[in-house]
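So the chains spell out like this:
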Amino acid sequence: MPEIAEVETVRNTLKNRILGKKIKKVVINYVPIISSDPKEFETLLKGLSFTDINRVGKWLIFELGDYCLLSHLRMEGKYFLKSASEPIAKHEHIIFEFTDDTTMRYHDTRKFGRMILVLKEKLWEVEAIKKQGLEPNSKKLTKEYLYEKISKKNLPIKTILLDQTIISGLGNIYANEVLFQAKIHPLKKGKDLNLEHCDKIITSSNEIIAKAIKDGGTTIRSYTSSLGVTGLFQTQLKVHKRENEECKICGTIIENIKIGGRSTYYCPNCQK
């Protein structure tokens, strides 16, 4: 699943490629991806130009004049930029055709992605945006903030870190890496963590996400850039997908357990 670093990489890449492009028409090949009336979606977007692209958590925010197009890639969503003359490929569900005869195509094998078109002035009234927590690099993300959010929770910290209403943008890959760097066992309950633990989680989140964004994200099965960018952060992973391999710090064999249905990789020695 694309996480905060991968979505940020897509945002930065698209900003260099589509800003200023005017939409000639929109083709919707799979209606459920659109969280509004499809005809209205096509009509409102026709003639608009992309003026900016922002991000809130894992949501891409395309700005088009008075409107914002929200796009969540979910498990397998990707964007392709192609000539308008190129045949539509399987799984290209939403196609934005521009006046310069190029297209931006939303490709989603699993069809889990979602798009929402809203007036810019109502962006922060959208429930999915309004409920987002603080981002890893936010100055408001303090140890006191995190402690207040988790100190009464009887859930594993790994599960808590995947809650987008607390820290926005962290997914399975980076939650595993953050807990390893912070030397915290993923099954440790939120209520059992102190301010020092919270400080380590925040520091680790900030450092890991910043490095991952710089490296263009993590290219694994569930995320490969379709925009000419290859993520390099997979070479920096310390535990994720390294089951039965030696820990790069202590040499202990990395283990994999399921927490909340998610594969969780950790070092039983570094994360006691």
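As the structure is a computational prediction, the values presented were derived from the model and not from experiment.

*Asks:* How should I be thinking about the pairing of strand S9 (residues 255-259) in this particular structure?
*Replies:* Within a regular strand, the side chains alternate between the two sheet faces. Two elements, S9 and strand S10 (residues 262-266), share five bridges in a ladder whose sense is antiparallel. Note on S10: the bridge partner recorded for Glu 255 is Tyr 266. Linkage of S9 to S10, two consecutive antiparallel strands, is achieved through a turn of two residues, within which Gly 260 is found at a positive phi near 60 degrees.

*Asks:* What should I look at first to understand the sheet that holds strand S6 (residues 92-98) in this one?
*Replies:* Pairing between sheet strands relies on hydrogen bonds along the backbone, with the strands arranged either parallel or antiparallel. Read from one edge of the open sheet, four strands run S1-S6-S7-S5, paired in antiparallel fashion. A single partner strand is all that each edge strand has here, and the edge strands are strand S1 (23-28) and strand S5 (78-83). Across the sheet, the axes of successive neighbouring strands diverge by a mean angle of 20 degrees, strand direction being ignored. Relative to strand S7 (residues 102-107), S5 is paired through six bridges, and the arrangement is antiparallel. Each residue of the ladder has a partner; that of Lys 82, found in S7, is Thr 103. The strands touched by helix H1 (residues 4-18) within the sheet are S5 and S7, with S5 carrying the most contacts at an inclination of about 20 degrees. The strands that helix H2 (residues 38-45) touches are S1 and S6; relative to S1, the one it contacts most, it runs at about 165 degrees.

*Asks:* Hey, could you run me through the confidence of the model for the protein in this one?
*Replies:* Close inspection of predicted coordinates is inappropriate in any region flagged by low pLDDT. Mean pLDDT over the protein: 91, with 92% of residues reaching 70 or higher. Of the regions scoring below 50 in pLDDT, residues 220-225 engages in 15 contacts with residues more than four places distant in sequence or in other chains.

*Asks:* I keep staring at the sheet that holds strand S3 (residues 59-64) and nothing clicks. Help me out?
*Replies:* Taken in spatial order, the four strands of this open sheet run S2-S3-S4-S8, and their pairing is antiparallel. Whereas interior strands pair on both sides, the edge strands pair on one side only; in this sheet they are strand S2 (52-56) and strand S8 (114-119). When strand polarity is set aside, the average angle formed by the axes of neighbouring strands in this sheet is 25 degrees.

*Asks:* Honestly, the nonpolar core in this entry has me stumped. Any pointers?
*Replies:* Taken as a class, soluble globular proteins show a tendency for nonpolar side chains to be buried jointly. With 29 residues, the main nonpolar core has Leu 146, Ile 157, Leu 161, Tyr 174 and Ile 201 as its most contacted residues. Going through the elements one at a time, H1, helix H4 (143-150), helix H5 (157-161), helix H6 (172-182) and helix H7 (195-214) are the ones with two or more residues in this core. For Leu 146, the contacting residues outside a window of four places in its chain are Ile 166, Ile 167, Cys 198, Ile 201 and Ile 202. Listed in part, the 26 residues of the second largest apolar core include Ile 18, Val 26, Leu 69 and Tyr 106.

*Asks:* Just checking my understanding: could you explain the pattern of salt bridges for this structure?
*Replies:* Here the idea is simple: oppositely charged side chains can pair when their charged atoms come close. Tallying each qualifying case throughout the model produces 16 salt bridges. Residue Glu 8 pairs with Arg 55 through a salt bridge whose shortest N-O separation is 2.7 Å. Of this pair, Glu 8 sits in helix H1 while Arg 55 sits in strand S2, and the two are 47 residues apart along the sequence. Pair check on accessibility: Glu 8 and Arg 55 agree, each one buried. With a shortest N-O distance of 2.9 Å, Glu 92 and Arg 105 are connected by a salt bridge. Linking Glu 92 in strand S6 with Arg 105 in strand S7, this pair joins segments that are 13 residues apart in sequence.

*Asks:* Even after reading the chapter, I still don't get the environment of Phe 50, so can you show me in this structure?
*Replies:* Summarising the element assignment, Phe 50 is placed in the loop between H2 and S2. As a C-alpha pair, Phe 50 and Lys 15 span 35 residues in sequence and 9.0 Å in three-dimensional space. Other than its neighbours up to four places away in sequence, Phe 50 contacts Ile 18, Leu 19, Gly 20, Lys 21, Ile 23, Phe 62, Glu 63, Leu 64, Phe 98 and Met 104.

Quick notes on the rules
Residues numbered from 1 in each chain as written. Predicted model: local features only at pLDDT ≥ 70, side-chain atom pairs only at ≥ 80, totals over all residues. Heavy atoms only, no water. Pairing = 2+ DSSP bridges. Helix = DSSP H or I, 4+ residues; strand = E, 2+ residues; numbered from the N terminus. Axes fitted to C-alpha atoms, helices over the stretch in contact; angles between N-to-C directions. Contact = heavy atoms within 4.5 Å. pLDDT = per-residue confidence, 0-100. Core = buried A, V, L, I, M, F, W, Y, C linked by side-chain atoms within 4.5 Å. Buried < 20%, exposed > 50% of the residue type's maximum accessible area, 1.4 Å probe, protein only. Salt bridge = Lys/Arg side-chain N within 4 Å of Asp/Glu carboxyl O.

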